[in-house]
Amino acid sequence: MSFEEKSVWVEFVSYFIGLGGYLIVAGRMLSNGVSALPPYVPVFAVAVVFIVAVNIVGHIVAAATSRSDEVDERDRLIGWRAESGSSWILGFGVIGAITALIFSVGSVWVAHLLLISLFVSEVTKNVLQIVYYRRGI
Amino acid sequence: MARSRVSIRNQIRILRFRHGEMTQQQLADQVGVTRQTVNAIEGGKYSPSLEVAFRIAHVFGEPLEEVFQFVDAEPGRRG
């Protein structure tokens, strides 16, 4: 497995657990009627620290167990295709958030709509990259 | 518009064997790609750019068409 593929796995795990975990906790808070943003900030900060820490440790391990950290044309093509196959999700999220703001939906919902679309977009990108690396492109 | 099924076959494995059992890593180093990319090209999972295809052919000292062959899988046509 190349450094780039390991890097994709690291990103996938960090986002899936970090941001996914945050969204589960935030979902429970929302269902309990927490409608102000400040209580979510420390939970989100923990998620961000977790994502950064997993990425740092994961990339150190990936670099230590890989022969080279160079990116070649196949890595770039896989990255571009995965990006084009997933970026529309974040785009829809942004449009949805703007629409929600027009209809005066609460900021806590708008923020989480953006976070959910970011989460789904990133995880989709990573999954597409892994599929392209495994099955071919 | 229907996309015809095409594939690019290659003789990289045979050529590596003929060149003293050259490893995928040795070929990758000479071409300037990762070993995984050479493995993907050899296994038909990735069609390289023209530049990389020429570099591979250059390493083996063969013309491009001796290394890569275009095969049109559409019935009734020959590549």
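J.: Run through the overall build of chain A, naming residues and quoting values.
T.: Along chain A, the regular secondary structure elements total five helices and zero strands. Tracing chain A from N to C terminus, the helices and strands come up as α-α-α-α-α. Considering only C-alpha atoms, chain A reaches an extent of 50 × 30 × 20 Å along its principal axes. Expressed as a percentage of the 137 residues in chain A, the buried residues total 38%. Here the contacts in chain A between residues at least 6 apart in sequence split such that 84% fall between residues at least 24 apart. Here chain A displays about 7700 Å² of accessible surface, and carbon together with sulfur accounts for 72% of that area.

J.: Tell me what's going on with the interface of chain B and chain A, and back it up with residues and numbers.
T.: Facing the 13 residues of chain B at the interface are 13 residues of chain A. Taken together, both faces of the contact between chain B and chain A bury some 1100 Å²; the carbon and sulfur share is 45%. Considering only the side of chain B, the residues that lose the most area to chain A are Gln-36, Lys-45 and Tyr-46 of chain B, jointly responsible for 51% of the buried surface there. Here chain B and chain A share zero salt bridges between them. Our count for the chain B to chain A interface comes out at six residue pairs in polar contact (both at pLDDT 80 or more). Those elements giving two or more residues to the side of chain B that touches chain A turn out to be helix H2 (24-31) and helix H3 (35-42) of chain B. Here the side of chain B that touches chain A takes three residues from H3 of chain B, the largest share from any one element.

J.: Go over the pattern of salt bridges with me, naming the residues and quoting the values.
T.: Residue and element names in this part refer to chain B. Within this structure, the stated rule accounts for six salt bridges over all chains. Among the ionic pairs, Arg-16 bridges to Glu-42, the shortest N-O distance being 2.9 Å. In this pair, Arg-16 sits in helix H1 (residues 12-18) while Glu-42 sits in helix H3, placing the two residues 26 residues apart along the sequence. In this structure, Arg-16 and Glu-42 share a single accessibility class: buried.

J.: An account of the environment of Val-25 of chain A is requested, with residue identities and associated values reported.
T.: As for its placement among the helices and strands, Val-25 of chain A is situated in helix H1 (residues 3-31). It is 9.1 Å that separates the C-alpha atoms of Val-25 of chain A and Tyr-40 of chain A, two residues lying 15 residues apart in sequence.

J.: Hey, could you go over the environment of Arg-67 of chain A for me, with residue numbers and the actual values?
T.: Turning to its location among the elements, Arg-67 of chain A is positioned in the loop between helix H2 (40-64) and helix H3 (73-84). Along the sequence, Arg-67 of chain A and Phe-3 of chain A sit 64 residues apart, while their C-alpha atoms lie 7.8 Å from each other. Here Arg-67 of chain A is in contact with Gln-25 and Asp-29 of chain B, once residues within four sequence places are set aside.

J.: Residues and numbers for the side chain of Ser-2 of chain A, please.
T.: Looking at the element boundaries, Ser-2 of chain A is found in the segment before H1. Setting aside residues up to four positions removed in sequence, Ser-2 of chain A forms contacts with Ser-66, Asp-75 and Tyr-133 of chain A together with Gln-36 of chain B.

J.: Lay out the nonpolar core in plain terms, naming residues and giving numbers.
T.: Counting 19 residues, the largest nonpolar core has Ile-12, Leu-27 and Ile-56 of chain B as its most contacted members. Elements that contribute at least two residues to this core include exactly H1, H2, H3 and helix H4 (50-60) of chain B. By residue number, the principal contributor to this core is H4 of chain B, which donates six residues. Not counting residues within four places of it along the chain, the set of residues in contact with Ile-12 of chain B comprises Leu-27, Ile-41, Glu-42, Ile-56, Phe-60, Val-67 and Phe-68 of chain B. With 18 residues, the next largest nonpolar core counts Val-8, Tyr-22, Leu-23 and Tyr-133 of chain A among its residues.

Rules behind the numbers
Residues numbered from 1 in each chain as written. Chains lettered and ligands numbered in written order. Predicted model: local features only at pLDDT ≥ 70, side-chain atom pairs only at ≥ 80, totals over all residues. Heavy atoms only, no water. Helix = DSSP H or I, 4+ residues; strand = E, 2+ residues; numbered from the N terminus. Buried < 20%, exposed > 50% of the residue type's maximum accessible area, 1.4 Å probe, protein only. Contact = heavy atoms within 4.5 Å. Areas by Shrake-Rupley, 256 points an atom, 1.4 Å probe, with all protein chains shown as cover. Buried area = accessible area lost by both parts, 1.4 Å probe. Salt bridge = Lys/Arg side-chain N within 4 Å of Asp/Glu carboxyl O. Polar contact = N/O pair within 3.5 Å; in protein donor to acceptor, adjacent residues only side chain to side chain. Core = buried A, V, L, I, M, F, W, Y, C linked by side-chain atoms within 4.5 Å.

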